[in-house]
Amino acid sequence: EPIRHLYEEYNSVKALIAKHEASTPESSTPETPSTPTAPRSPSPSAAPGRPAPTGNPAPGGASEKSKLHAQLRAYEKTFAAKHGRQVASFADIRPVADLYRRYKELKKGEGGKGAKSS
């Protein structure tokens, strides 16, 4: 996956911006003050151009999935920094294998929403 690191960096920057916007009053944003802001998507995890997920299979399901995804990406980054390479085998993910399994279950339980089409 040659561009995964770019996607992950984009998501981390987007999360930092969202966190900053949430902690800063709207009146102090550097945007044009006379321009009305567009209504925000109901899901902060929805990427531009991608519809917001609807109909969670269980209350808090998307939240758990998002948290697991973040934990797994953090593990992968830590692994890469420590070993000088990306995660490549089951032996590499053995310490967090249960998290990967749970994430896969949650992702599969979405009923195909957000799944890549082949």
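Scroll up to find the structure.
Rules and cut-offs
- Residues numbered from 1 in each chain as written.
- Predicted model: local features only at pLDDT ≥ 70, side-chain atom pairs only at ≥ 80, totals over all residues.
- Heavy atoms only, no water.
- Helix = DSSP H or I, 4+ residues; strand = E, 2+ residues; numbered from the N terminus.
- Buried < 20%, exposed > 50% of the residue type's maximum accessible area, 1.4 Å probe, protein only.
- Contact = heavy atoms within 4.5 Å.
- Areas by Shrake-Rupley, 256 points an atom, 1.4 Å probe, with all protein chains shown as cover.
- Phe/Tyr/Trp six-rings, centres within 6.5 Å; stacked < 30°, edge-to-face > 60°.

Novice: Sorry if this is basic, but what is going on with the overall build of the chain here?
Specialist: Per the secondary structure count, the chain includes four helices and zero strands. Secondary structure elements in the chain, listed N-terminal to C-terminal, are α-α-α-α. Of all 118 residues assigned to the chain, the portion counted as buried reaches 17%. A fraction of 58% describes how many contacts in the chain between residues 6 or more apart in sequence connect residues 24 or more apart. Of the roughly 9600 Å² that the chain leaves accessible, carbon and sulfur atoms contribute 59%.

Novice: What's the story with the packing of aromatic side chains in this structure? I'm lost.
Specialist: Within the structure shown, the criterion is met by one aromatic pair. Ring geometry for Tyr 75 against Phe 79: centres 6.2 Å apart, planes inclined by 40 degrees, an arrangement best described as tilted. Pair noted here: Tyr 75 and Phe 79 are both in helix 2 (residues 61-83), with a separation of four residues, about one helical turn.

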